[in-house]
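The chain contents come next:
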Amino acid sequence: MLRFLTRRVLGAIVILVLITLVTYFMFFVLPSDPAQLACGKNCANKDLVADIHHRMGLDHPIYQQYWDYMRGIFVGRHMPDGQNCPAPCFGYSFANGQPIWPLLSDRYPTTFSLAIGGSAAFLIIGVGLGMLSAWQQGKTFDRVASSISLLGNSVQIYFIGPLAIALFADKLGWFDHGHDPTWSSDPIGSLNGLVLPCLVMSVIFWSNYSRQTRSLMVEQLAEDHIRTARAKGMGSKYVFYRYALRGAAASIITIFGIDLGAVFGGAIITEATFGLHGLGNLAVNAVFSLDLPLEMAVMIFSASAIVIFNILVDAAYALIDPRIRLA
């Protein structure tokens, strides 16, 4: 197991390095100049632009800028303008001069809460509905559940979000409209403010997981070892949960690992729909303002989270299927 996880961690490090390299160097292909943007559209003073270049650290070779940036994340660094940036140092925003790490610290709880809450919702609803459909295969419940799943898979967050707010928050008053969580000071209020966004985000995912789980369970129930277990006199429920569900669980976990990037993408769209302030909002602002340090920080932070979650998914997969960790 340790050897298996070591390979996964080393592979994850290589992936993160490649992601940062591509993102960093692609920034310099853009025709816009961050120093010129900071100086203003009508700024024609070349000395002032050069000074801003120096304060932003853009007057060094690209490879040196990249090395200084990555080194600062782990050990901190002294900025070109003389400021000391302690680790983890993602630099200072080109747009407003603020240190980036506090910006990330303020925003990531919202995105992570949406991603984790939405994942829990669509796994519970989707897998549960798929299991019931497989249990009731060919019956009325199965047909109704399949139709609902197909409908849910056809809608988008930005369409059902406003409808859910109007119906469940404004008219019925069942949920809050949604707001940024403050877990340390108001955990109950934070939970109430995320229920509706998490449920809305989960719709497009649990619809897919319902169909996938049903298909996997039906395939498992047709396997020879299932028929053998039943022939030995084992109860239908025992066979269903002990053998069929365990056989389908590995594939469900694999699908979830593949979908992790889409989960974070769904969290970003949900933020925009419900007016939340997470990493998605921060990333959009960074792109429009050509704020390289902020853009890099959000990308590294999000990519690292996805890679870590993938490692955890691989570990869970290896625990379910011992053949994987021996590969």
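A brief structural summary. (Residues numbered from 1 in each chain as written. Predicted model: local features only at pLDDT ≥ 70, side-chain atom pairs only at ≥ 80, totals over all residues. Heavy atoms only, no water.)

What about helix α6 (residues 140-152)?
Taking 1.5 Å as the rise per residue, α6 with 13 residues should run 18 Å; its terminal C-alpha atoms sit 18 Å apart, in good agreement. Every buried residue of α6 is listed here: Asp142, Ala145, Ser149 and Gly152. On an axial view of α6, the arc spanned by its buried residues comes to 95 degrees, and they lie on one face. Every exposed residue of α6 that faces more than 90 degrees away from the buried side is listed here: Thr140, Arg143, Leu150 and Leu151. Buried residues belonging to α6 abut α5 (100-135) and α8 (187-221). (Helix = DSSP H or I, 4+ residues; strand = E, 2+ residues; numbered from the N terminus. Expected span 1.5 Å × (residues − 1). Buried < 20%, exposed > 50% of the residue type's maximum accessible area, 1.4 Å probe, protein only. Arc of directions from axis to C-beta. Contact = heavy atoms within 4.5 Å.)

Points about the environment of Gly275
By the element assignment, Gly275 lies in the loop between α10 (236-274) and α11 (279-288). Among the residues examined, Gly275 registers a relative accessible area of 46% and is labelled partly exposed. Separated by 221 residues in sequence, Gly275 and His54 have C-alpha atoms that sit 37 Å apart.

Observations concerning a nonpolar patch on the surface
On the surface, Val9, Leu10, Ile13 and Val17 cluster together into a nonpolar patch covering about 320 Å² of accessible area. Following the sequence through the fold, Ile13 ends up in helix α1 (residues 2-27). Exposure remark for Ile13: the relative accessible area of 46% places this residue in the partly exposed category. (Patch = residues over 30% accessible without salt bridge, like charges linked within 9 Å, V, L, I, M, F, W, Y side chains within 5 Å. Areas by Shrake-Rupley, 256 points an atom, 1.4 Å probe, with all protein chains shown as cover. Salt bridge = Lys/Arg side-chain N within 4 Å of Asp/Glu carboxyl O.)

Focus on the pattern of salt bridges
Under the counting rule described, the total for this entry stands at two salt bridges. In this structure, Asp224 and Arg227 form a salt bridge, with 2.2 Å as the shortest nitrogen-oxygen distance. Taken together, the positions of Asp224 and Arg227, both in helix α9 (residues 224-231) and three residues apart, correspond to about one turn of that helix.

A short note on the nonpolar core
The biggest cluster of nonpolar side chains holds 75 residues, and the ones touching the most others in it are Tyr69, Phe90, Leu104 and Ile300. Those residues in contact with Tyr69 that sit more than four places away from it in its chain are Tyr24, Arg77, Cys89, Phe90, Pro293, Met296, Ala297 and Ile300. (Core = buried A, V, L, I, M, F, W, Y, C linked by side-chain atoms within 4.5 Å.)

Details of the state of the cysteines
Scanning the model with the defined rule gives one disulfide in all. With its sulfur 2.1 Å from that of its partner, Cys85 forms a disulfide with Cys89. Taking the sign of the S-S torsion, 110 degrees for the link of Cys85 and Cys89, the bridge is right-handed. The class of Cys85 is buried, set by a relative accessible area of 6%. (Disulfide = S-S within 2.5 Å.)

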